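Report on the structure
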Amino acid sequence: MSSPHINYRSLAEEAASPFLEHHPSTGQGPSKTQDAKANAAAAHLDPLGEHELEQPLDEHDTEHEGEDTPRNSGVMIHMVPETGRARWNHIEDLDSFFSRMYQYQQKHGFTVIVVDEMLQVLEFGFVVWLLAFVMHCVRFDVLFGDTPPGGPNPNKTTLSDVMYPTGECLANFTWVTYLVVFIAAIYLGIRLLKMVYHITQYADIRRFYNSALHIEDSDLDNFTWHEVQQRIRRVQAEQHMCIDKESLTELDIYHRVLRFKNYLVALMNKQLLPVRFHIPLYGEVVSLSRGMLFNIDFILFRGPGSPFQNNWQLRDEFAVRSNQTELAQRLSKLILGVALLNLVLAPVIFVWQLIYFSFSYANILRKEPGALGLRTWSNYGRLYLRHFNELDHELDARLNRAYDYADRYLNSFSSPLAAVIAKNLLFISGGLLLLILALGIYEEHVFQVEHLLVILAGLGAIGVVCRTLIPDENLVWCPEQLMTAILAHVHYLPSEWRQQAHTTKVRQEFSNFFQFKAGYLLSEIFSPFVTPFVLIFVFRPKAIELVRFFRTFTVSVRGVGNVCSFAQMDVRKHGNPDWQLTSELEEMTRATAQQPQQEPQQQSLAGGKTEMSLLRFTLNNPEWQMPKEAKQFLRGVREHAVGELVQAKTSMVQENPLTNSLISFGTMGADYCSIANSVLTAQVTPQQLEISQSLRPGLAPVSGGFPVAASDFRQMLQQNLSASVGPLDSMRRLRLSRAEGRLEGPTDTLLYGLCGVDPRVGSTPLNVGVADMCLSALYLHELNQQKRQARQSRIDEAEDERPGPSHWPPRPPAAPSAAAGSGSRHTVITSKAAESTPLLGSIRS
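Reading the values: the criteria
Numbering of residues begins from 1 in every chain and follows the order in which that chain's sequence is written. Per-residue local features are limited, in this predicted model, to residues with pLDDT of at least 70; the limit for side-chain atom pairs, both in listing and counting, is 80 or more; totals at the level of whole chains, interfaces and linings are taken over all residues. With hydrogens and water stripped out, all remaining heavy atoms of the structure feed into the side-chain values. By the criteria applied, helices consist of DSSP H or I runs no shorter than four residues and strands consist of E runs no shorter than two, each listed in order from the N terminus. Burial classes follow relative accessibility: with a 1.4 Å probe on protein chains only, a residue under 20% of its type's maximum area counts as buried, one over 50% as exposed, and anything between as partly exposed. Whether two residues are in contact is decided by their heavy atoms, any of which lying within 4.5 Å being enough. Accessible areas in this description were obtained via Shrake-Rupley with a 1.4 Å probe; residue shielding takes into account the shown protein chains only. Any pair of Phe, Tyr and Trp rings, taking the six-membered ring for Trp, is counted once the centres come within 6.5 Å. Such a pair is stacked with planes under 30 degrees apart, edge-to-face with planes over 60 apart, and tilted for the rest. We call a charge positioned over a ring when the NZ of a Lys or the CZ of an Arg lies within 6 Å of the ring centre and within 35 degrees of the ring normal. Residues grouped as a nonpolar core are buried Ala, Val, Leu, Ile, Met, Phe, Trp, Tyr and Cys residues, joined through side-chain atoms within 4.5 Å. Lining residues are defined by having an atom within 4 Å of a point belonging to a cavity or pocket. Those points lie on a 1 Å grid over the protein atoms alone, cavities being sets where a 1.4 Å probe fits but cannot get out and pockets being open sets with protein on both sides within 12 Å along at least five of seven lines. Grid points are joined across faces, edges and corners, and a volume is the space filled by probe spheres set on the points. Every helix has an expected span of 1.5 Å times one less than the residues it contains. You can read pLDDT as the predictor saying how much it trusts each residue, on a scale of 0 to 100.

Tallying secondary structure elements over the protein gives 35 helices and eight strands in all. For the protein, the residues scored as buried account for 44% of the 845 residues in total. The long-range fraction of contacts in the protein, counting pairs at least 24 apart against all pairs at least 6 apart in sequence, stands at 75%. When the accessible surface of the protein is summed, it comes to about 44,300 Å², and 59% of that surface belongs to carbon and sulfur atoms.

Moving on, we come to the packing of aromatic side chains. Taken as a whole and assessed by the stated rule, the structure comprises 42 aromatic pairs. Ring geometry for Y409 and F510: centres 5.6 Å apart, planes at 90°, overall edge-to-face. Note that Y409 is positioned in helix α16 (residues 392-411) and F510 in helix α20 (residues 504-513), a separation of 101 residues in sequence. According to the relative accessible area criterion, Y409 is buried, its value standing at 0%. Taken together, the ring pairs in this structure connect W377, Y380, Y384, Y403, Y409, F413, W497, F510, F513 and F514 into an aromatic cluster. Directly above the aromatic system of F110 lies the positively charged group of R206, at a separation of 4.2 Å from the ring centroid. The ring of Y492 is capped by K609, whose NZ or CZ atom sits 3.9 Å from the centre of that ring.

What follows deals with the nonpolar core. Generally speaking, a soluble globular protein has its nonpolar side chains buried in company with each other. Counting 153 residues, the largest nonpolar core has M101 and F510 as its most contacted members. Discounting residues that sit within four places of it in the chain, M101 has contacts with I205, F208, Y209, L213, W225, V228 and I232. By size, the runner-up hydrophobic cluster in this structure holds five residues, among which are F350, F357, Y520 and L521.

The subject of this paragraph is empty space enclosed by the protein. Scanning all chains against the criterion turns up nine cavities of 30 Å³ or more. Volume-wise, the second largest cavity comes out at about 60 Å³. Forming the boundary of the second largest cavity are G305, S306, P307, R315, F318, L327, R330 and L331.

Here we come to helix α29 (residues 670-681). At 3.6 residues per turn, the α-helix brings residues three or four places apart onto the same side. Helix length check: α29, at twelve residues, gives a terminal C-alpha distance of 16 Å against a target of 16 Å (1.5 Å per residue), a fit within 8%. What α29 keeps buried is the set Y672, C673, S674, I675, A676, N677, S678, V679 and L680.

With that settled, consider the confidence of the model for the protein. Per-residue confidence for the protein averages 75 on the pLDDT scale, and 71% of its residues sit at or above 70. Across residues 1-86, where pLDDT falls below 50, the model places 90 contacts with residues more than four positions away in sequence or in other chains. With pLDDT under 50 throughout, residues 701-711 is counted as low confidence; its partners more than four residues away or in other chains account for 20 contacts.

Pasting the structure below:
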């Protein structure tokens, strides 16, 4: 059975699909629930639109022989379901429905959405009216004083003196003005129809919130999205919004809302998006404007001829390997057509964006001229740093926590030449400004001099710009430590930046993530002229790679449709071996056999994207029933960390990835320092010792506390971390935004394992997901760095043992070990102005 809006396939057809992700079959026959769902689907697809279930009577049932319509008579009885329960049965486009539900919750309800939609339409109409009024209805000769006003008082200018009457104003309209007004009226009519459509859709969402979820608009701000999501799952179990599955998981809902966004995250990681390009006479530019994102979304997902035929299904021809050249040519023509359309509309879009941004920021710049000197996360940075299955509010909260660290990091750099020039310009502009103000105070007629206000505004702007170029004399320069704090929150930074945070190259690369707001506005305003050429010369040549990407990395999930396979967060299939715990034998095999390593690298993502996304998703959705491989990965990471903690507390080996991560974690602030201190100074529990002994069978049993050999470890902690507090108290001090995850917070986390807190005993500490994710990110980066160094050492040793001349470049001299003297180690850790931290600082074996 099929319809134009949804694809119904049998299990055999799904198994034969090239995009299907197979699941083990239970081998059971159809149940009554499945029959009911099939009948519901048949009722929904009734061309008459009647929600009625036709159920044939059982001819073998003789219990009701005395009835007027016996069961063997062949008469069909129509069972009419309850209106409230059947209304949400089998929603065709669940992607749009869940997306609108998410926006409804984030935008605070129906009233706010309606007002916002109406004001956006009025905003466009106001801009058109204002331009027409300024061009044809204002007497500029009277306004500028070139012509005296015609009123009774020639020394007083009124509003009626500087404006033409209505009839004369309309007579001044030219054919160009009428053409522009006509086009604007057509666009305004389309916007009105779109507004009405959106309002009707959100009215349906309001009814769903009120009747199905039992959430009124007045109470909407008291619910997080996580709580709304749990209620959606209960409604699915009762009313079967999706008829292909009995129940929806958290991941299913995230897939529906973020289907295309997950594809963009994977395309960014695979370097298939046009974010880097060269401009003649300027050089390399890294930019991803909103206009470019809109065009990419239209080309790949929503436009006619795009790879997706609807919101949830890829076109069937992408499953055939032999026609990928034809598909690439078709996609290339689509990109070319969209680029040419952008080129034709570029002047109009440029004028509109110039007006829009001018009106939006005029009042802000009048009150705060330095607002353009602030920084913001660029579109490129937001997409590069985004996890799979991460909603907008979750990404915003994470990047907002890293904002202060990123701002301090970039502000710690300054150009000596620019600082010298800025100081002299500030001196000159300050002198001129002081002279004009002094003369104006002595004689106020000075302020009536022509263009004097323009001069004052220009001198003020010069002063604001110059002050931003002059570094703070009291600023302590600690780029490595700041970069560590940034990494703990954003989770993804290139491994090549390690120990290079003080260099200009890293600073320039990071400024692409975190750019000046003035640069952001300029890139958005001039993007209409840049976007067509980037689409033609940068994005269009990647058509064949895009086709291969969609064909290779698309799977079909029952009840969800086609999704990006990376968004499944399958660490077994798409995990990066450099970011997972493997045995030493496997590491040696991979180091000696480089050719077999190429295929796994094609299936994996750079930067530990799959592993980090899995960690974050499980922390924000602790109820999610994850696959077996994901459980093993998370359990392995936490048990490995516990083993390293016990090893540091019970042996002479005190520096390892975990202790380095904890100390880096403790330098991020008082709350983080308190948690790190409680972890490092807590006594070893029997559970921790049991885990450590299972990982290291040769470890001798310890009765508890610190042995004598580890006294230096205790001394190091006492000198570098604040006074210890209980693990539960330290965790409660760090609050997590209510907008993220479950209010009670996760229980089975890395911090609980390190603190020795049994999640099944006692009250659960609130909101530790942020701290746990920060520590997990630092720890995984430390493990990745350790594995890369170990593999490179084995490769170098194998190369040295080979006879004949070496083809490898000479190795750089090793950095001095921080463990050579306890004094140097303590200096690095204790100083909060230190040049290096355990994570990004000097490498220690």
